[in-house]
Amino acid sequence: MKVISYNLRKHRAVGELVHLVEHHGADVLCLQEADTSDLPEEISGLRLAESTQRNRLGLAVYYRENTYRAVDVRALALKKSLHDRVLKPAEERMLGVRLHDIDENLDLIVASFHAAPLTALNSLRRHQIRTALTELQQLGEGLPALMVGDYNYPVFKEHLSQHVREHGYELNLSDSRTYTRYRFFRGHYDFATSIGFEIDRVRTLPQGLSDHLPILVTARPLAGVRRVAEAQTGVA
């Protein structure tokens, strides 16, 4: 499975999505900072599963329609930073989708995530990440789950990685930095956290109109977790 995550920088990079999907053969597309009122229902064979509705700049998840079927969705409002309370840019910061793999006859979970901005404390972002990962299991306990997006966590990533592992997940950085706008804050912002997946590679793609670079995650469900997922879909 190939998953692209992209922070569109206030929707500026929306015109790049067709090329990204077609050039990299994406199966799932997860967006942040999208004007959800201006998103198409379909992008090069990818169907819009859901987008957030209460955000000024929201989240969206697309899936390849001839490979997956959307089973359930869950949008989540997370603990707010002062930035959120004053400017109200994002009410819902996690959007999870349970997908049914038609060929493999198993279910899995993919989510788009956008943490509070750098004006907030790392402790708040860790709280948001922990809550989001916990809530994903409400879409299907024991299913393989992959959450990608803008974690806004450029420093002390080792602490975050340990924090994520304590909740059963693994954190994967891309092969090069994903944010370039301000020299002091350049670094890795866009991550993948997963449980029940083998992450083959997380690759940073070329920069477009956004200050974030898109990432491409190549992943596959682990064999043991596949059996749980198959059991949940009624496979004998």
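Residues numbered from 1 in each chain as written. Predicted model: local features only at pLDDT ≥ 70, side-chain atom pairs only at ≥ 80, totals over all residues. Heavy atoms only, no water.

Participant: What exactly am I supposed to notice about helix α3 (residues 122–136) here?
Facilitator: Because an α-helix completes one turn every 3.6 residues, residues spaced three or four positions apart along the sequence face the same direction. Taking 1.5 Å of rise per residue, 15 residues should cover 21 Å, and α3 covers 21 Å from first to last C-alpha, within 8% of that figure. Among all positions in α3, only N122, L124, R125, R126, Q128, I129, A132, L133, E135 and L136 are buried. (Helix = DSSP H or I, 4+ residues; strand = E, 2+ residues; numbered from the N terminus. Expected span 1.5 Å × (residues − 1). Buried < 20%, exposed > 50% of the residue type's maximum accessible area, 1.4 Å probe, protein only.)

Participant: So what exactly am I meant to see when it comes to the sheet that holds strand β10 (residues 170–172) here?
Facilitator: Within a beta sheet, neighbouring strands are joined by backbone hydrogen bonds and run either parallel or antiparallel to one another. One open sheet accounts for six strands, arranged β6-β7-β8-β9-β11-β10; its pairing is mixed. A single partner strand is all that each edge strand has here, and the edge strands are β6 (68–76) and β10. Geometrically, the sheet is characterised by an average inter-axis angle of 20° between neighbouring strands, direction not taken into account. As defined by bridge partners, strand β9 (residues 145–150) adjoins strand β11 (residues 190–195) across six bridges and the pair is classed as antiparallel. Across the sheet, residue D150 finds its bridge partner in β11, namely D190. The strands that α3 touches are β6, β7 (94–101), β8 (106–114), β9 and β11; relative to β8, the one it contacts most, it runs at about 160°. Helix-sheet contacts for helix α4 (residues 157–165) involve β10 and β11, and the interaxial angle to β10 is about 145°. (Pairing = 2+ DSSP bridges. Axes fitted to C-alpha atoms, helices over the stretch in contact; angles between N-to-C directions. Contact = heavy atoms within 4.5 Å.)

Participant: Just checking my understanding: could you explain the nonpolar core for this structure?
Facilitator: One recurring pattern in soluble globular proteins is that nonpolar side chains are buried together. Residues M1, V3, L146 and V217 are the most contacted members of the largest nonpolar core, which totals 24 residues. For this core, the secondary-structure elements that each account for two or more residues are β2 (28–34), β5 (58–64), β7, β8, β9, β12 (197–204) and β13 (215–221). Formed by 22 residues, the second largest nonpolar core is a distinct cluster that contains L78, I129, A132 and F191. (Core = buried A, V, L, I, M, F, W, Y, C linked by side-chain atoms within 4.5 Å.)

Participant: In this structure, what is going on with the sheet that holds strand β1 (residues 2–7)? I would like to understand it.
Facilitator: With mixed pairing, the seven strands of this open sheet are ordered in space as β3-β4-β5-β2-β1-β13-β12. Looking at the sheet topology across the chains shown, the edges are occupied by β3 (42–43) and β12. Where β12 meets β13, seven bridges bridge the pair, whose relative direction is antiparallel. Bridging across to β13, I199 finds its partner in A219. Strand contacts of helix α1 (residues 17–24): β1, β2, β3, β4 (46–51), β5, β12 and β13, with the helix running at about 155° to β1, the strand carrying the most contacts.

Participant: Hey, could you run me through the pattern of salt bridges in this one?
Facilitator: Here the idea is simple: oppositely charged side chains can pair when their charged atoms come close. Throughout the structure, instances matching the rule amount to seven salt bridges. The partner of R64 in a salt bridge is D27, and the shortest N-O contact between them spans 3.8 Å. Separated by 37 residues along the polypeptide, R64 in strand β5 and D27 in the loop between α1 and β2 bring together distant segments of the chain. Accessibility expressed as a relative area gives 17% for R64, which makes it buried. Under the relative-accessibility criterion, D27 is labelled buried at 14%. Ionic pairing is found between R220 and D200, a salt bridge with its closest N-O pair at 3.2 Å. (Salt bridge = Lys/Arg side-chain N within 4 Å of Asp/Glu carboxyl O.)

Participant: When you look at the side chain of E33 in this model, what are you seeing that I'm missing?
Facilitator: Counting through the fold element by element, E33 comes out in strand β2. Comment: no salt bridge for buried E33; closest opposite-charge side chain is K10, at 6.4 Å. Within the local environment of E33, its side chain forms a polar contact with the backbone nitrogen of K10, the two atoms lying 2.9 Å apart. If we ignore the near neighbours within four places in the chain, the residues touching E33 are N7, L8, R9, K10, H11, L57, G58 and H114. (Lys, Arg positive; Asp, Glu negative; His and termini not counted. Polar contact = N/O pair within 3.5 Å; in protein donor to acceptor, adjacent residues only side chain to side chain.)

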